[in-house]
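This is what each chain is made of:
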Amino acid sequence: MTHKSSVKPVKKNKAEEPELEPLCCCEYIDRNGEKNHVAACLCDCQDLDEGCDRWITCKSVQPETCERIMETLSDRLRIPWLRGAKKVNISIIPPLILLPVFLRVASWHFVLGGVVLTSLPVLALWYYYLTHRRKEQTLFFLSLGLFSLGYMYYVFLQEVVPRGRVGPTQLALLTCGLFLVLFALYRAKKNPGYLRNPAGNDRSVGSGQMECLNRKGQEKTKGFPGTDTPGSLNSRTPKDGLTGSSRMLAGSPTKVKEDWCAKCQLVRPARAWHCRICGMCVRRMDHHCVCCVGESNHQAFVLALSIFLLTSVYGITLTLDTICRDRSVFTALFYCPGVYANSSSALSFTCVWYSVIVTAGMAYIFLIQLINISYNVTEREVQQALRQKTGRRLLCGLVVDPGQYNRGFLRNWHLFSTLGTRPFHHPAEDIV
């Protein structure tokens, strides 16, 4: 009887719990856990009111107030969607507004074009280093890249194709190249090879590894401070804030070092690094730009670069052949009389120069990737070798060869072509 009497109130309480009302397309749950509406995006914002008052009265706004304003704006910037408004990342908006405005202003005069097209790469690089220094994830560069592709194609269709110099076959080739670039980028955005701990077994794995290594005499102090064994490879010294050190597993057939990552709580295989932007360890990490590039998506990244370069050069050639007739591509870039006579040709010429600047930057990245693949080295290992002054500089500094994994030109390219298809040796999840 006592058991039954204790069960009945529980059922009664469950029955009396109010059910949550479904959200309409314009409603959402804000960061304070309260129901809000898209139409009230500028209501009840004390931080914004305070910031505007101080700005009007020429008083300085505290950094904490600016951060709260940005958090509020990013939380309230939403679009109507089924079962509640969806949050929009605020970093994707500036390229959608600024790029068309800047290019339109640059098309007014060649002096304005020089100023604007020079400042755009500087601003992009400044924002890149700013976000990387703060270790922030941003969709700005992905938005800038995708919108640049779309806007260049739009200008090509609206301003170049109607002039009648571009045939259907040429337009089809350019369109196919654009879709191939998007497909390759989609593949490159997939999992780069994140290392993950077994669910619910992080601590047990770490303690098991510690006990195993202590029995074999490879760990001698607290916190996994490993000591090198004879014949082992030179250990990496992590510079990205990770604690722990390199160590060798006894009986390993490949004789490679493996690091303990204190942030991810796992053992990193050789050539794996912790990405500060993603907050996870990545197998054979190369670098992080628009996305993290590692073992599983490095091939797709290089493929996207190569297709983009071919498509961009082809589009630039078609455009210059249309607006600057009877001139070579190189000559038309620097001397095209009458190109600013009307707004259509001026905008097309400005977009050509914007595409040339972007293509030159991507060509440099592509060249570095080809060199690194030929020497079987990642960009992360190059930066590490430069800091430790352990790599050989070749080709006027373009190549930094640590010499640790170089197996010859053909074998290095064979290893790259089989990335992601070979079975992993001693994955972090199996080391106990």
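Residues numbered from 1 in each chain as written. Predicted model: local features only at pLDDT ≥ 70, side-chain atom pairs only at ≥ 80, totals over all residues. Heavy atoms only, no water.

1. Here we look at the state of the cysteines
Counted by the stated rule, this structure contains 1 disulfide. Between Cys324 and Cys336 runs a disulfide, and the two sulfur atoms are separated by 1.6 Å. Between Cys324 and Cys336, the S-S dihedral sits near -105°, and the bridge is therefore left-handed. With Cys324 in the loop between α9 (298-323) and α10 (329-334) and Cys336 in the loop between α10 and α11 (343-374), the pair connects residues that are 12 residues apart, well separated along the chain. Comparing Cys324 with Cys336, the two get one shared label, buried. In this model Cys261 remains outside any disulfide bridge; the closest cysteine sulfur is found in Cys281, 3.5 Å from its own. With a relative accessible area of 0%, Cys261 lands in the buried category. (Disulfide = S-S within 2.5 Å. Helix = DSSP H or I, 4+ residues; strand = E, 2+ residues; numbered from the N terminus. Buried < 20%, exposed > 50% of the residue type's maximum accessible area, 1.4 Å probe, protein only.)

2. Topic: helix α6 (residues 140-160)
Here α6 contains 21 residues, and its C-alpha end-to-end distance of 28 Å stays within 8% of the 30 Å for a straight helix at 1.5 Å per residue. If you check which residues of α6 are buried, you get Phe140, Phe141, Ser143, Leu144, Ser148, Leu149, Tyr151, Met152, Tyr153, Val155, Phe156 and Val160. (Expected span 1.5 Å × (residues − 1).)

3. Thoughts on the nonpolar core
Judged by nonpolar contacts, the single largest core of 17 residues is most densely connected at Leu149, Val181, Phe301, Val302, Phe308, Phe366 and Phe416. Considering every element that reaches this core, the biggest residue donor is α9, with 7 residues. Val302 has contacts with Phe366, Gln369, Ile373 and Phe416, leaving out every residue within four places of it along the chain. Counting 15 residues, the second largest nonpolar core, distinct from the first, contains Leu120, Leu144, Tyr151 and Val155. (Core = buried A, V, L, I, M, F, W, Y, C linked by side-chain atoms within 4.5 Å. Contact = heavy atoms within 4.5 Å.)

4. Digging into the pattern of salt bridges
Applying the stated criterion across every chain yields a total of 2 salt bridges. Between Asp321 and Arg165 there is a salt bridge, with the nearest N and O atoms lying 3.4 Å from each other. Separated by 156 residues along the polypeptide, Asp321 in helix α9 and Arg165 in the loop between α6 and α7 (168-188) bring together distant segments of the chain. Residue classification places Arg165 among the partly exposed residues on the basis of a relative accessible area of 34%. A salt bridge links Glu381 to Arg271; the nearest nitrogen and oxygen atoms lie 2.7 Å apart. A residue pair is termed long-range when its members are at least 10 positions apart, and Glu381 in helix α12 (residues 379-388) and Arg271 in the loop between β7 (266-268) and β8 (273-275) qualify at 110 residues. Given the relative accessible area of 8%, Glu381 is considered buried. (Salt bridge = Lys/Arg side-chain N within 4 Å of Asp/Glu carboxyl O.)

Nothing here speaks to function; it is all geometry.
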